[in-house]
Amino acid sequence: MGLMIRKQLPQPDRAEIRVEAVLQALGEPVRLQIVRALADTPEGIACGEIELQVTPSTRAHHLRTLREAGVLTTHTEGTRRISSLRREDLDALYPGLLTGVLSAAQ
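What counts as what
- Residues numbered from 1 in each chain as written.
- Predicted model: local features only at pLDDT ≥ 70, side-chain atom pairs only at ≥ 80, totals over all residues.
- Heavy atoms only, no water.
- Helix = DSSP H or I, 4+ residues; strand = E, 2+ residues; numbered from the N terminus.
- Rg over C-alpha atoms; globule rule 2.2 N^0.38 Å.
- Buried < 20%, exposed > 50% of the residue type's maximum accessible area, 1.4 Å probe, protein only.
- Areas by Shrake-Rupley, 256 points an atom, 1.4 Å probe, with all protein chains shown as cover.
- Axes fitted to C-alpha atoms, helices over the stretch in contact; angles between N-to-C directions.
- Parallel < 35°, antiparallel > 145°, perpendicular 65-115°, else oblique.
- Contact = heavy atoms within 4.5 Å.
- Nonpolar A, V, L, I, M, F, W, Y, C, P; charged D, E, K, R; others polar.
- Left-handed = near helix turned anticlockwise from the far one by under 90°.
- Polar contact = N/O pair within 3.5 Å; in protein donor to acceptor, adjacent residues only side chain to side chain.
- Pairing = 2+ DSSP bridges.

- The chain has the name ArsR family transcriptional regulator in an unreviewed UniProt entry, where Kribbella antibiotica is given as its organism.

Topic: the overall build of the chain
Here comes step 1: Counting its secondary structure elements, the chain contains five helices and four strands.
Here comes step 2: For the chain, the N- to C-terminal ordering of α and β elements is β-α-α-β-α-β-β-α-α.
Here comes step 3: For 106 residues, the compact-globule formula gives about 13 Å, and the C-alpha radius of gyration of the chain, at 14 Å, lands near that figure.
Here comes step 4: Seen along its three principal axes, the alpha-carbon backbone of the chain occupies a region of about 45 × 30 × 20 Å.
Here comes step 5: Each of the 106 residues in the chain was classed as buried or not, and the buried ones make up 42%.
Here comes step 6: About 6,500 Å² of surface is accessible on the chain, with carbon and sulfur atoms providing 53% of the total.

Observations regarding the packing of helix α2 (residues 29-39) against helix α3 (residues 56-69)
Here comes step 1: One can describe the packing of α2 onto α3 by two numbers: an axis separation of 10 Å at closest approach and a directional angle of 70°. Comparing the axis directions of α2 and α3 gives the class roughly perpendicular. Within the contact between the two elements, α2 uses V30, R31, I34 and V35 and α3 uses H61, H62, L63, T65 and L66.
Here comes step 2: Taken together, the residues of the contact of α2 with α3 break down into five nonpolar, three polar and one charged.

Focus on the packing of helix α1 (residues 19-26) against α3
Two numbers describe a pair of packed helices, the interaxial angle and the distance between the axes.
Here comes step 1: At their nearest, the axes of α1 and α3 sit 9 Å apart, and the two run at 160° to each other. Between α1 and α3, the crossing angle belongs to the class labelled roughly antiparallel. In this structure, α1 crosses over α3, and the sense of that crossing is left-handed. Contacts between α1 and α3 pair A21, V22 and A25 from the former with T65, L66 and A69 from the latter.
Here comes step 2: Of the residues in the contact of α1 with α3, the class split is five nonpolar, one polar and no charged.

A short note on α2
Here comes step 1: Three or more residues of α2 are buried, namely V30, R31, L32, I34, V35, R36 and L38.
Here comes step 2: The inward-facing, buried residues of α2 abut α1, β2 (45-46), α3, β3 (72-77), β4 (80-85) and α5 (97-103).
Here comes step 3: N-cap assignment for α2: the residue whose side-chain oxygen lies 2.7 Å from the backbone N of V30 is E28.

A few points about the pairing of β4
Here comes step 1: Looking at chain direction, β2 and β4 are connected through two bridges and run antiparallel. Opposite I45, over in β4, you have S83 as the bridge partner.
Here comes step 2: Pairing between β3 and β4: six bridges, direction antiparallel. Its bridge partner lying in β4, L72 is registered against L85.
Here comes step 3: In sequence, β3 turns back onto β4 through a hairpin of two residues, with G78 there showing a positive phi of about 65°.

As structure tokens, then:
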């Protein structure tokens, strides 16, 4: 059995995360749905396992937007891409922001 290689996809460092990009990323309903799913699964979830009513290419676009804004991190495990919320980074930079967004009425 071979060793599984984990590869981190490009993302901003904590110091590079900007509140404007985070808010813009969270301001879209499908992306907010992704963030809610990830908040319920701290260990991460395979991108295809998040239940969304969008095409695979649209799903990939939304995940990339969230990753590039610094909202989530994604790594590969074999052929799967596992995403998780960058809650620690976001809470350190913008205390209460994520909690407020997630507790807002759905």
